[in-house]
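The chain contents come next:
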Amino acid sequence: MKNHNITIYPFTAIVGQEKMKKALILNAINPKVGGVLVRGEKGTAKSTAVRALANLLPEIEVVEGCKFRCNPHDINAMCEECLEKVKAGALKSSSIKMKVVDLPVSATEDRVVGTLDIEHAIKKGEKRFEPGVLAHAHRGILYVDEINLLDDHLVDVLLDSAAMGVNTVEREGISFSHPANFVLVGTMNPEEGELRPQLLDRFGLCVDIKGIMDVARRVELIKYRLSYETDPEAFAASWQAAESELCGQILLAQKLLTEVKISDNMLELISQICVDMGVDGHRADITMMKTSITLAAFNGRTEVLEEDVKEAAELVLPHRMRRKPFDNHSDKQDKLNESIEKQREKEKEKEKNKHEQQKKEHNEQSGKEQAHPEEQKSDNPEDSTGEQPDASSETIFATGESYQVKQFSPDFLRNNRNGSGRRSKTLTKSKQGRYIKSKIPEEKITDLAFDATLRAAAPYQLLREKHGNSIVIHDSDFRQKVREKKIGNLVLFVVDASGSMGAQQRMVASKGAVLSMLMDAYQKRDKVGLIAFKGAGAELLLPPTSSVEMAQKCLEELPTGGKTPLSHGLMKGYETIQAELRRDPDTCPFMVLISDGRANVSMNGEPPLQETKTIASMFRKECIQSAVIDTESSIIKFGLAQEISSALGARYLALEDLKADSIVEAVRSSAPFEFSVLSGSFSS
């Protein structure tokens, strides 16, 4: 009889992508590694590899009839129903293939965590839990394609469950917990936007993949695919030996896992690498330790070696390092090698000290103590003093390097907003938004939440007179849908380009910061503008746009020099924002003023500072959000930027209070929408 089951493409037949395959295998051996995030181009065998791995692995033994597929040999991880079967002596087991559960980007929280069984509530008048995606994924693989497009709160739920191995639901009068131990595999295309660093850090491993560039290997890939599509069963059979060998290696590694030992030297090496690579927190150290142990087991060893730690670092650190977006991979590899070499030197030093101590103890007769070698540390900071340009001349400074941005994503909640974008979340009365929850209606229902209405009515059906109806719904049961969508933003930089900004390369850093913001805006479909004021007036150098190429050209050609027409800059910013609001009333404008506040050019003959404050009050009156970054760095400070900040109703930040590498980070807490934080440099 012909088998109508779909034949899965063999895992061992996937050409290239060795790191991705290794990361998946490590998670199959030890789910405590914490899942894997695969970042890369479309069409690079991401989903094929996940399904192929599940097909490669042997069947798992489960409790027969259990909707959570509990392990019959692990009483500590059983659900309540299985525990009752154990007590009654009625536990039976069966074997099934490991499942790959897909989570669509459009999934709601109810679908993910589970909800009330409406049918049971209607028929029996009892509340019963209906499992969600997390329950179906238990003891399997949960695959989330384009995870960066999934709502952050759902990603949080997934990562929490993956880390704890348990899903706990508290809703609609239900309190329920069930095992949810799965391998989380997320894939994403960075061009569609990044995950927040807090979420990135929760993934154990991360792999960046690209299409194969070697012609011979691409031809090999094409031939394999053609053979598979011509006769899938024959192709799979030809790879059966390789599949069985790899499966056996994984099973052996699972048995060896508890026997693997890791020495203090290797733990020190792990911590040294994490410190040298500049990662935040301690999750990287712990994950690298688990990954190193798993690698040793996969290689058939019971002791972790330096090569295991090095390979683990390449999988654990890429998404955790505070790095620039276009860092050269070889540079990072060199840094890793330097860190390993540094630890080797420390070990040699320890051995040398130990040997000399022993020599000293055996040489008690001599009365001479050998001096212990001391580590010499030299700090030779480079002085970066430069000549301050003449305020009356113009100088074109280079554009500073662009930086990887961190994500900051509070919601800008305002009803009935339209428009498009990919950054700021807003509540909307439009039916085009994503249904996120329900609420008791305050007025006439325009968008009925049918599921929530049924859930509200279900527990009372036995108490209500049906009069021939299957279900009776009262007015108090009705629920309105609450929808959410994303909208565009406008971040407008108003930059002081007067002569004082040339001191200590301030303009170089400012240009780099703006360019970095534009790169992030390109991914999030935001608009960013740039206004520079110097000499006798202000100029809109960059109208609201998301074109990195245009921005880079404008920034490179921006000269610095002359007086400070601050009121001109603010007025130009006000006019630009008003024009953009006329074009798109749903835009969220946010102005960032970078200046020392020393206005010395007037538009209408008023005192420059007073004129600046008058224009600033227009922003406050129109409720235009803003922030002021004070670049004043002299010993005697006049506090003019702070006065302007008060007139604007803006958040004031002194430059010396900022981190040296994050000028934009200071603005994030002021923004009424999601705001990206740069790891830039802006010295005072």
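Preceding block: the structure.
Right, let's walk through the structure included here. (Residues numbered from 1 in each chain as written. Predicted model: local features only at pLDDT ≥ 70, side-chain atom pairs only at ≥ 80, totals over all residues. Heavy atoms only, no water.)

## Some thoughts on the overall build of the chain
Applied cut-off: Per the convention used, a helix needs a DSSP run of H or I reaching at least four residues, while a strand needs a run of E reaching at least two, with both numbered from the N terminus. Type-normalised accessible area, obtained with a 1.4 Å probe on protein chains alone, sets the label of each residue: buried when under 20%, exposed when over 50%, and partly exposed for intermediate values. Working rule for contacts: check all heavy atoms of both residues, and any pair within 4.5 Å makes them a contact. Residue burial considers only the protein chains on display, and all accessible areas are found by Shrake-Rupley using a 1.4 Å probe.
The number of helices and strands found in the chain is 22 helices and 24 strands. Burial analysis of the chain (684 residues in total) assigns 48% to the buried set. Across the chain, contacts joining residues at least 24 apart in sequence account for 76% of those joining residues at least 6 apart. For the chain, the computed accessible surface area is about 34600 Å², with 50% contributed by carbon and sulfur atoms.

## A closer look at the packing of aromatic side chains
Quick note on the threshold: A pair of Phe, Tyr and Trp rings is counted when the ring centres sit within 6.5 Å of each other, with Trp represented by its six-membered ring. The angle between the planes then sorts it: under 30 degrees is stacked, over 60 is edge-to-face, the rest tilted.
Tallied over the full model, the rule gives seven aromatic pairs. Taking 5.4 Å as the distance between ring centres and 35° as the angle between the ring planes, the aromatic pair formed by Y9 and F235 counts as tilted. Of the two residues, Y9 is situated in the segment before α1 (18-29) and F235 in helix α10 (residues 232-238); the sequence distance between them amounts to 226 residues. When its relative accessible area of 9% is taken as the criterion, Y9 is described as buried. Classification of F235 by relative accessible area gives buried; the value is 6%. Each ring, one from Y574 and one from F619, has its centre 5.6 Å from the other, and the planes form 70°; the classification is edge-to-face. Residue Y574 is found in helix α19 (residues 566-583), and its partner F619 is found in helix α20 (residues 608-621); the two are separated by 45 residues along the sequence.

## A short note on the packing of helix α13 (residues 283-298) against helix α14 (residues 306-316)
Test applied: Where helices are involved, their axes are fitted lines through C-alpha atoms of the stretch in contact, as for all axes, and angles between N-to-C directions lie from 0 to 180°. Note on terminology: angles under 35 degrees are roughly parallel, angles over 145 are roughly antiparallel, angles of 65 to 115 are roughly perpendicular, and the others are oblique. In this scheme the crossing of two helices becomes right-handed for a clockwise turn of the near helix relative to the far one and left-handed for an anticlockwise turn of less than a right angle. The nonpolar class holds Ala, Val, Leu, Ile, Met, Phe, Trp, Tyr, Cys and Pro. Asp, Glu, Lys and Arg form the charged class, and all remaining residues, Gly among them, are polar.
Direction vectors running N to C along α13 and α14 enclose 125°, while the axes themselves pass 8 Å from each other. With respect to each other, α13 and α14 are oriented oblique. Pair α13 / α14 crosses with right-handed handedness. Counting all contacts with α13, which are made through A284, T287, M288, T291, S292, L295 and A296, the residues of α14 involved are D308, V309, E311, A312, A313 and V316. In terms of residue class, the contact of α13 with α14 is built from eight nonpolar, three polar and two charged.

## A word on unusual backbone geometry
The phi torsion of most residues other than glycine is negative, and most of the peptide bonds are trans. The phi dihedral of A45 is positive, around 70°, even though this residue is not glycine. Tracing the sequence through the fold places A45 in the loop between β1 (36-40) and α2 (46-56). Given a relative accessible area of 25%, A45 falls into the partly exposed group.

## Notes on the layout of surface pockets
Worth spelling out the cut-off: With a 1 Å grid laid over protein atoms only, a set of points is called a cavity when a 1.4 Å probe fits there but cannot get out and a pocket when it is open yet has protein on both sides within 12 Å along at least five of seven lines; lining residues have an atom within 4 Å of a point. Grid points are joined across faces, edges and corners, and a volume is the space filled by probe spheres set on the points.
Each pocket or cavity is described by its volume, and for the second largest pocket that value is around 1200 Å³. Lining the second largest pocket are 42 residues, with N30, P31, K32, N181 and F182 positioned closest to its centre. Sorting the residues of the lining of the second largest pocket by element identifies α1, α7 (152-164), β9 (174-179), α11 (240-256) and α13 as the ones contributing at least two each. When its residues are assigned to classes, the lining of the second largest pocket shows 20 nonpolar, 13 polar and nine charged.

## Remarks on the environment of E622
One can find E622 in the loop between α20 and β22 (625-630). A residue is classified by how much of its surface remains accessible, and E622, at 40% relative accessible area, is partly exposed. C-alpha separation for the pair E622 and Q578, spaced 44 residues apart in sequence, amounts to 9.7 Å. Look past the residues within four positions of E622 in its chain and what remains in contact with it is Y574 and Q578.

## So, the sheet that holds strand β11 (residues 205-209)
Just so we agree on the cut-off: DSSP-based pairing: two strands are paired if at least 2 bridges between them are found.
The strand order across the open sheet built from five strands is β4-β7-β10-β1-β11, with neighbouring strands paired in parallel fashion. Unpaired on one side and paired on the other, β4 (100-102) and β11 mark the two borders of the sheet. Neighbouring strand axes in the sheet, compared pairwise and without regard to direction, differ in orientation by 20° on average. Two elements, β1 and β11, share five bridges in a ladder whose sense is parallel. Bridging across to β11, R39 finds its partner in D208.

Treat this as a map of the structure, not an account of what it does.
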